[in-house]
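Given next are the chains, with one letter for each unit.
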Amino acid sequence: MPTRNHMTGQKVLEKLLEGNKRFVDGTMEHPNNSEEARKGLITGQEPYAVVLACADSRLPPVDIFDQGLGDLFVIRVAGNLLNDHVLGSIEYAVSHLHTPLVMVMGHTYCGAITAVAQGVKLSGHMSTLSPKIDIALKRAQKQEGDLVDNAAKELALLTAASIARSEPIIGDLVNEGKVLVVASYYDLDSGRVSVLSSSQCV
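Here's a quick rundown of the structure.

Quick notes on the rules
- Residues numbered from 1 in each chain as written.
- Predicted model: local features only at pLDDT ≥ 70, side-chain atom pairs only at ≥ 80, totals over all residues.
- Heavy atoms only, no water.
- Axes fitted to C-alpha atoms, helices over the stretch in contact; angles between N-to-C directions.
- Helix = DSSP H or I, 4+ residues; strand = E, 2+ residues; numbered from the N terminus.
- Left-handed = near helix turned anticlockwise from the far one by under 90°.
- Contact = heavy atoms within 4.5 Å.
- Nonpolar A, V, L, I, M, F, W, Y, C, P; charged D, E, K, R; others polar.
- Expected span 1.5 Å × (residues − 1).
- Polar contact = N/O pair within 3.5 Å; in protein donor to acceptor, adjacent residues only side chain to side chain.
- Phe/Tyr/Trp six-rings, centres within 6.5 Å; stacked < 30°, edge-to-face > 60°.
- Buried < 20%, exposed > 50% of the residue type's maximum accessible area, 1.4 Å probe, protein only.
- Lys NZ or Arg CZ within 6 Å of the ring centre and 35° of its normal.
- Pairing = 2+ DSSP bridges.

1. Things to note about the packing of helix H6 (residues 130-140) against helix H7 (residues 147-165)
Interaxial distance between H6 and H7 falls to 8 Å at its minimum, and their mutual angle equals 115°. Crossing geometry of H6 relative to H7 is assigned as right-handed. Contacts from Lys 132, Ile 133, Ile 135, Ala 136, Leu 137, Arg 139 and Ala 140 in H6 reach Leu 147, Asn 150, Ala 151, Glu 154, Leu 155 and Leu 158 in H7. Among the residues forming the contact of H6 with H7, the class breakdown is 9 nonpolar, 1 polar and 3 charged.

Okay, here's the thing in structure tokens:
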């Protein structure tokens, strides 16, 4: 089992933001990508953070935060939406792998949100994306700025709040101060990730 120093959610968040700064500056270190690192993970994992991100191919979390093998427990789904399978995966990470940070990452130019905002009829299972996106769009309607981008922020905030309140596992760990849940936002133009809120204030 790989051994790592215990880190708080806040310290992990700082670590990820430092990695994102390297990504933006073009000074990436690509840590934990060696053969030795790969072999060290054969018997187990201790990821620093859970990242729930959109399935959009333009935002790979491991690169955006300049991390490596075994560092991030990544869950990706269109619109970074929450369902039982996603929630169960997060519960596994925080309760069995003792991951102290859960980050929900929205982003600019989200195709799923754009489609719903434009009234596109989503067929098949894609239709299940609409209800939560509609809620985010309604919350963003009176805000200044781009509707889709504002809705992406609202959706990340709503999802993070739902995770932080989830009972019994995640909510208990949040209340005990063992897990920090953060909503964040990735700007495709700049490559920068900004923090929108944390579980202390959602």
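That covers the picture; the talk isn't over yet.
2. Some thoughts on helix H4 (residues 84-96)
Given a rise of 1.5 Å per residue, 13 residues ought to cover 18 Å, and the 17 Å separating the end C-alpha atoms of H4 matches this to within 8%. On its buried side, H4 packs onto strand S1 (49-53), strand S2 (72-76), strand S3 (101-107), H7 and helix H8 (169-175). A side-chain oxygen of the first residue of H4 lies 3.0 Å from the backbone nitrogen of His 85; this N-cap is Asn 83. One or two positions beyond H4, positive phi appears at His 98, with a value near 55°.

3. Points about the packing of aromatic side chains
Each aromatic ring pair is specified by the distance between its two centres and by the angle formed by the two planes. Going through the model one piece at a time under the given rule, you end up with 1 aromatic pair. Measuring from ring centre to ring centre gives 6.2 Å for Phe 73 and Tyr 92, while their planes differ by 40°; the resulting arrangement is tilted. With a gap of 19 residues between them, Phe 73 in strand S2 and Tyr 92 in helix H4 connect regions that are remote in the sequence. In this structure Phe 73 comes out as buried when scored by relative accessible area, which is 16%. In this structure, Lys 153 is placed above the aromatic ring of Tyr 185, and the distance from its NZ or CZ to the ring centre is 4.9 Å.

4. Comments concerning the environment of Val 74
For Val 74, the position within the fold is in strand S2. Separated by 23 residues in sequence, Val 74 and Val 51 place their C-alpha atoms 4.9 Å apart. Those residues in contact with Val 74 that lie beyond four places of it in its chain are Val 51, Pro 61 and Val 62.

5. Digging into the side chain of Asn 150
Examined against the element boundaries, Asn 150 turns out to sit in helix H7. In terms of polar contacts, Asn 150 uses its side chain to reach the backbone carbonyl oxygen of Glu 144, at 2.8 Å. Those residues within four positions of Asn 150 in sequence are excluded, and the remaining contacts are Ala 140, Gln 143, Glu 144 and Gly 145.

6. Quick word on the sheet that holds strand S5 (residues 193-198)
The 5 strands lie next to each other as S2-S1-S3-S4-S5, forming an open sheet whose pairing is mixed. Edge positions in the sheet fall to S2 and S5, since each of these pairs with one other strand and no more. Here the average twist between neighbouring strands, direction ignored, is 25°. Pairing of S1 with S2, which is carried by 5 bridges, proceeds in the parallel orientation. Residue pairing across strands places Ala 53 opposite Arg 76, the latter belonging to S2. In this fold H4 packs onto S1, S2 and S3, with an angle of close to 175° to the strand it touches most, S2.

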